[in-house]
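# An overview of the molecular structure
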Amino acid sequence: MLLSTMSTYGLHHLEYNALFKMNIRTHHIDYVGSFPNEEFQRYWLYTSINECNGKLYFTPGSAYEIGVYDVKSQRFEKINIGITKQDNDLSKIKYARKFMSCFVYDNNLILIPWCYDKTIYYDTVAGTLSVSNELFDYFYTKYKNFTTFPGYLCCLAGNINESEIVFNLFCSKNIVFFYNLQTKEYREKPVGNEQRTFKFIEYDDKQVYLYDDKANILIKWGIEDCKYSECHIADNVPEFKPGVWLVPNIVVMGKRKKI
């Protein structure tokens, strides 16, 4: 994970409890420290970083609390999400992979459940935390019989604009979901035919890019005009083996509109 803060980059290892900083000009990397009362090594410990009002917020994957680093005071802090370290049973997927995507809207930190059963809202100004089961309950009740992996909800999500995000479910359905960070309203839309299922998603301007791992197809879909097109990736890859993910992630390069 990497986050830019003026003349330095903040870096955190996906597996180790360690924060580093890199000077952009010299590329020199220094160890900053680690979060207290947390495992030193564990896969998916923290999965993403957000900055708000001079603090870095670390999204818990297998960690049991939100990690916080105050850039000015250089202090490590943690925010409890309602469970103890003893509750954090990593043999259960809801604890092993809690959150992947996190967003900041109007000084609020919003954690979208990956395999956890709650959405978390943290007011960074008031210092108050609230939780909701509504998003998880809706998706799980409607699509639990179609999930590709038991318990998976939202792996990766991206901003469409300041207040709305888009994501796909890990399920055998050709659907994408839109969630409003301000109103907490959500809606779903079908993309392509019913044979399509999606693993990864990326957004650029008015286009959504999706990856169908079963057919190894990259899909471009217009949010407003619903224009749909496919690119058969495997046609240009020698010695392709069916069932292998050729695309581990999607990244849109170049300039994009500021949110």
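The present account deals with the structure reproduced in this document. Quick caveat: nothing in here was measured; it's all calculated off a predicted structure.

Here is what the cut-offs are and how they apply
One numbering rule holds for all chains: residues counted from 1, following each sequence as written. Reporting of local features is limited, given that this is a predicted model, to residues whose pLDDT is at least 70; pairs of side-chain atoms are given and counted only at 80 or more, and all residues count toward the totals for whole chains, interfaces and linings. As a rule here, side-chain values cover all heavy atoms of the structure and leave hydrogens and water aside. Secondary structure elements are taken from DSSP: a helix is a run of H or I of four residues or more, a strand is a run of E of two residues or more, and numbering for both begins at the N terminus. We call two N or O atoms a polar contact when they sit within 3.5 Å, provided that within protein one can donate a hydrogen and the other can accept it, with sequence-adjacent residues counted only if both atoms are side-chain atoms. Strands were regarded as paired on the criterion that DSSP finds at least two bridges between them. To get an axis, fit a line to the C-alpha atoms, keeping to the stretch in contact for a helix; angles then go from 0 to 180 degrees between the N-to-C directions. Any two rings among Phe, Tyr and Trp, with Trp reduced to its six-membered ring, count as a pair given centres within 6.5 Å; such a pair is stacked if its planes are under 30 degrees apart, edge-to-face if over 60, and tilted if neither. Working definition: with a 1.4 Å probe on protein chains only, accessible area under 20% of the residue-type maximum means buried, over 50% means exposed, and in between means partly exposed.

### Here we look at the environment of Asp-117
Along the chain, Asp-117 falls in the loop between strand 10 (108–113) and strand 11 (119–123). Taking the C-alpha atoms as reference points, Asp-117 and Phe-99, 18 residues apart in sequence, are found 9.9 Å from one another. Side-chain polar atoms of Asp-117 contact the side chain of Lys-94, separated by 3.1 Å.

### Looking at the sheet that holds strand 8 (residues 75–80)
Each strand in a sheet pairs with another by means of backbone hydrogen bonds, the pair being arranged parallel or else antiparallel. In space, the 4 strands of this open sheet follow the order 5-6-7-8, with antiparallel pairing throughout. Each edge of the sheet is formed by a strand with only one pairing partner; in this case those strands are strand 5 (46–52) and strand 8. Direction aside, neighbouring strands of the sheet carry axes that sit 25° apart on average. For strand 6 (residues 55–60) and strand 7 (residues 65–70), the ladder comprises 4 bridges, and the chain directions are antiparallel. When the bridges of strand 7 are listed, Leu-56 appears paired with Tyr-69.

### Some details on the packing of aromatic side chains
One pass over the full model with this rule turns up 20 aromatic pairs. Between Phe-20 and Tyr-31, the ring centres sit 5.8 Å apart and the planes meet at 65°, which makes this aromatic pair edge-to-face. Here Phe-20 is found in strand 3 (residues 19–23), whereas its partner Tyr-31 is found in strand 4 (residues 29–33), with 11 residues between them in sequence. For Phe-20, a relative accessible area of 28% gives the class partly exposed. The class for Tyr-31 is exposed, based on a relative accessible area of 51%. Between Trp-44 and Trp-114, the ring centres sit 5.2 Å apart and the planes meet at 80°, which makes this aromatic pair edge-to-face.

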